[in-house]
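Each chain, letter by letter, is given below.
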Amino acid sequence: MSRLLSKENFIKIGEYIYRKSGIYLEEEKHFDKISKYIDKRAQEIEVDSFRKYFFKLRFEDKEGSEFQELMNAITVNETYFFREKNQFEVLVNSILPELHASKPAGVPLRILSSPSSTGEEPYSIVLHIVEEGKVVEERDIEVVGIDIDSTVIKKAQAGFYSDRSIHAIPKDILHRWFVKKPLGYQLGEDLLGSVDFSVRNVFDKADMRKLGKFDVIFSRNMLIYFDDASRKEVAMTFYDMLNPGGYVLLGHAEYMSRIVSVFKAKKVGDTLIYQK
Ligand SMILES: C[S@@+](CC[C@H](N)C(=O)[O-])C[C@H]1O[C@@H](n2cnc3c(N)ncnc32)[C@H](O)[C@@H]1O
């Protein structure tokens, strides 16, 4: 079967995706995936050329559902519980006690997982907070998760995970908070609903601002898919969304010093964190 997408049109749709989501696609790595997706999607919505599909995507997508389909297909959602777990330890042993001591009583501490993917990261934050126990006994802590992909947000809300996803959780913690099911693990009732999830694009500043201010932002393993200009833009959005003294934590291959210079880098043990 001949493909609908040509190399020239790959550049067109690549630029469109980049402008809307910051995700930078390379012909060598991504042509095949995008081409297969467009063939499949064109059949589903009954159009017979790239031009018609692209027109629909740009001009007849008032609800944004065609763009959402495309995002759901191209994002890389790889994640698992307790990934880079030293950062969760720094959060509960160092960052939260410090912020708790400096904040007026009665004001909640707010943590954003951006992007959350299927929820393993924000639930790992919650698991560390409840397991550590001290700060949460004295102060409300809110955890919020966002992602551009609506499929992963639905999965996060359902809280059902495969063996692969939970493999790094110590057995005692797993048994305390999850219920074993024939095909995986269901997050128990106590923690289901502990994270406020929503579908959002980090490039939509007005929409991100609606989430309010945060004390800690986890943004791990998303900036690697962006180019320098987009990384800068997102880093500054996070800066604006942080309370003074708040922290950003990045993935192990991401360095704020290479993106913007407005944060103060701090080392806690081997873990780099960035303070506003
Ligand atoms: C590899 S996952 C990272 C998940 C988790 N933070 C972790 O480190 O395990 C990357 C996620 O970034 C999301 N993403 C990509 N572009 C985005 C954007 N513009 N706004 C919000 N989320 C985005 C993808 O949908 C995907 O779920």
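From a predicted model like this one, the values you see are computed outputs, not experimental measurements.

## Quick look at the overall build of the chain
Per the secondary structure count, the chain includes 12 helices and 10 strands. Scaling as 2.2 N^0.38, a compact globule of 276 residues should have a C-alpha radius of gyration of about 19 Å, and the chain matches this with 20 Å. Projected onto its principal axes, the C-alpha coordinates of the chain cover approximately 60 × 50 × 35 Å. Counting over 276 residues, the chain shows a buried share of 52%. Taking the intrachain contacts of the chain between residues at least 6 apart in sequence as the baseline, contacts between residues at least 24 apart amount to 75%. Seen as two clouds, the 41 positive and the 43 negative side-chain charges of the chain have centres 3 Å apart.

## With respect to the packing of aromatic side chains
The tally for this structure, following the rule as stated, stands at 13 aromatic pairs. Aromatic side chains Y16 and F54 sit 5.7 Å apart centroid to centroid with 85° between the ring planes, which places their arrangement in the edge-to-face category. Placement of the pair is Y16 in helix 1 (residues 7-21) and F54 in helix 3 (residues 50-59), with a sequence separation of 38 residues. For Y16, a relative accessible area of 7% gives the class buried. A residue is classified by how much of its surface remains accessible, and F54, at 6% relative accessible area, is buried. Aromatic pair F88 and F218: ring centres 5.7 Å apart, planes at 15°, arrangement stacked. Residue F88 is located in helix 5 (residues 86-102), and its partner F218 is located in strand 7 (residues 214-219); the two are separated by 130 residues in the primary sequence. Classification of F88 as buried rests on a relative accessible area of 0%. Relative accessible area serves as the criterion here: at 0%, F218 is assigned to the buried category.

## Notes on the site of the ligand
Residues in close proximity to the ligand total 22 residues, the closest being N77, T79, R83, D147 and N221. Between an oxygen atom of the ligand and a side-chain N or O atom of D147, the distance comes to 2.5 Å. N201 is positioned such that a nitrogen or oxygen atom in its side chain is 3.0 Å from a nitrogen atom of the ligand. When the ligand sits alone it has 600 Å² of accessible area, and the protein chains cover 99% of it. A molecule is said to occupy a pocket when more than half its atoms come within 2 Å of that pocket's grid points, and by this definition the ligand occupies the largest pocket.

## Some remarks on the domain arrangement of the chain
We note that the domain assignment places domain 1 (7-74) and domain 2 (86-275) within the chain. Using only C-alpha atoms to locate each centre, domain 1 and domain 2 end up separated by 30 Å. Across the contact, 9 residues belong to domain 1 and 12 residues belong to domain 2. Counting the surface lost from both domain 1 and domain 2, the interface buries some 820 Å², and carbon and sulfur atoms represent 47% of this. In terms of surface lost to domain 2, no three residues of domain 1 exceed Y18, Q68 and N72, which account for 43% of the buried area on that side. One can count 0 salt bridges joining domain 1 with domain 2.

Cut-offs used in this document
- Residues numbered from 1 in each chain as written.
- Predicted model: local features only at pLDDT ≥ 70, side-chain atom pairs only at ≥ 80, totals over all residues.
- Heavy atoms only, no water.
- Helix = DSSP H or I, 4+ residues; strand = E, 2+ residues; numbered from the N terminus.
- Rg over C-alpha atoms; globule rule 2.2 N^0.38 Å.
- Buried < 20%, exposed > 50% of the residue type's maximum accessible area, 1.4 Å probe, protein only.
- Contact = heavy atoms within 4.5 Å.
- Lys, Arg positive; Asp, Glu negative; His and termini not counted.
- Charge placed at Lys NZ, Arg CZ, Asp CG, Glu CD.
- Phe/Tyr/Trp six-rings, centres within 6.5 Å; stacked < 30°, edge-to-face > 60°.
- Near = heavy atom within 4 Å.
- Polar contact = N/O pair within 3.5 Å; in protein donor to acceptor, adjacent residues only side chain to side chain.
- Areas by Shrake-Rupley, 256 points an atom, 1.4 Å probe, with all protein chains shown as cover.
- 1 Å grid on protein atoms, 1.4 Å probe; cavity = no way out; pocket = protein on both sides within 12 Å on 5 of 7 lines; lining within 4 Å.
- Sits in = over half its atoms within 2 Å of the grid points.
- Domains from an automatic or database assignment.
- Buried area = accessible area lost by both parts, 1.4 Å probe.
- Salt bridge = Lys/Arg side-chain N within 4 Å of Asp/Glu carboxyl O.

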